[in-house]
Amino acid sequence: MSNKLFVGNLSFNTTENDLNDAFAAFGAVTETNLMMDRETNRPRGFGFVTMGTVEEAQKAIEGLHGKEMDGRALTVNVAKPREERPAGGRREFGGSGGGHRGGSSNRSRY
């Protein structure tokens, strides 16, 4: 088990200090990251907290998962390793892309 925790279902009003204070009740908090939208610079509703030890992380999960914070029930679990993504941050989808489908065509009806 890792000592890095995923924290989801956060209120958009929750700050990193709020997270730090809540998790500090269960042990040493070594890092707090609230994920922000790159375009709007507003919170995305989730973040990560790294606890000092695996034992402290487990206590934080047991103590905070499902508990209310800023009017929302938190989701707290062990963070999964970050997946490798293609360069450029774009996902590739199948299909021929673009084009007009259905409805009227560009050809004249007469």
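For the structure itself, look to the data block above.
Residues numbered from 1 in each chain as written. Predicted model: local features only at pLDDT ≥ 70, side-chain atom pairs only at ≥ 80, totals over all residues. Heavy atoms only, no water.

1. Observations concerning the overall build of the protein
(1) Moving on: Along its length, the protein carries two helices and six strands.
(2) Moving on: Scanning the protein from its N terminus toward the C terminus, one meets helices and strands in the order β-α-β-β-α-β-β-β.
(3) Moving on: Out of the 110 residues in the protein, the part that is buried amounts to 25%.
(4) Moving on: For the protein, the accessible area works out to roughly 8400 Å², and carbon and sulfur atoms hold 45% of it. (Helix = DSSP H or I, 4+ residues; strand = E, 2+ residues; numbered from the N terminus. Buried < 20%, exposed > 50% of the residue type's maximum accessible area, 1.4 Å probe, protein only. Areas by Shrake-Rupley, 256 points an atom, 1.4 Å probe, with all protein chains shown as cover.)

2. What about the sheet that holds strand E2 (residues 29-36)?
(1) Moving on: The strand order across the open sheet built from four strands is E2-E3-E1-E6, with neighbouring strands paired in antiparallel fashion. On the outer flanks of this sheet lie E2 and strand E6 (75-78), each paired with one strand and no other. Averaged over all pairs of adjacent strands, the angle between strand axes in this sheet comes to 20 degrees, irrespective of strand direction.
(2) Moving on: Note: E2 against strand E3 (residues 43-51), six bridges, orientation antiparallel. Within the sheet, the bridge partner assigned to Thr 32 lies in E3 and is Val 49.
(3) Moving on: Against the sheet, helix H1 (residues 16-24) engages strand E1 (4-8), E2, E3 and E6, with an angle of about 140 degrees to E2.
(4) Moving on: Each of E1, E3 and E6 is contacted by helix H2 (residues 54-64), which is oriented at about 155 degrees to E6, the strand it contacts most. (Pairing = 2+ DSSP bridges. Axes fitted to C-alpha atoms, helices over the stretch in contact; angles between N-to-C directions. Contact = heavy atoms within 4.5 Å.)

3. Focus on the environment of Gly 8
(1) Moving on: By secondary structure assignment, the location of Gly 8 is in strand E1.
(2) Moving on: Along the primary structure Gly 8 and His 65 are separated by 57 residues, whereas in three dimensions their C-alpha atoms are 9.5 Å apart.

4. Thoughts on the packing of aromatic side chains
(1) Moving on: Throughout the structure, instances matching the rule amount to three aromatic pairs.
(2) Moving on: For the ring pair Phe 46 and Phe 48, a centre distance of 6.1 Å and an interplane angle of 85 degrees mean the geometry is edge-to-face.
(3) Moving on: Through successive ring pairs, a cluster of aromatic residues spans Phe 6, Phe 46 and Phe 48. (Phe/Tyr/Trp six-rings, centres within 6.5 Å; stacked < 30°, edge-to-face > 60°.)

5. What about the side chain of Ser 11?
(1) Moving on: Positionally, Ser 11 belongs in the loop between E1 and H1.
(2) Moving on: Here the side chain of Ser 11 touches Asn 13 through a polar contact of 3.0 Å, landing on its backbone nitrogen.
(3) Moving on: What Ser 11 contacts, discounting residues up to four positions off in sequence, is Asp 70 and Arg 72. (Polar contact = N/O pair within 3.5 Å; in protein donor to acceptor, adjacent residues only side chain to side chain.)

6. Observations regarding the pairing of E1
(1) Moving on: For E1 and E3, the ladder comprises five bridges, and the chain directions are antiparallel. Each residue of the ladder has a partner; that of Lys 4, found in E3, is Thr 50.
(2) Moving on: Both E1 and E6 contribute to a ladder of four bridges, which runs antiparallel. The partner of Gly 8 across the bridge, within E6, is Thr 75.

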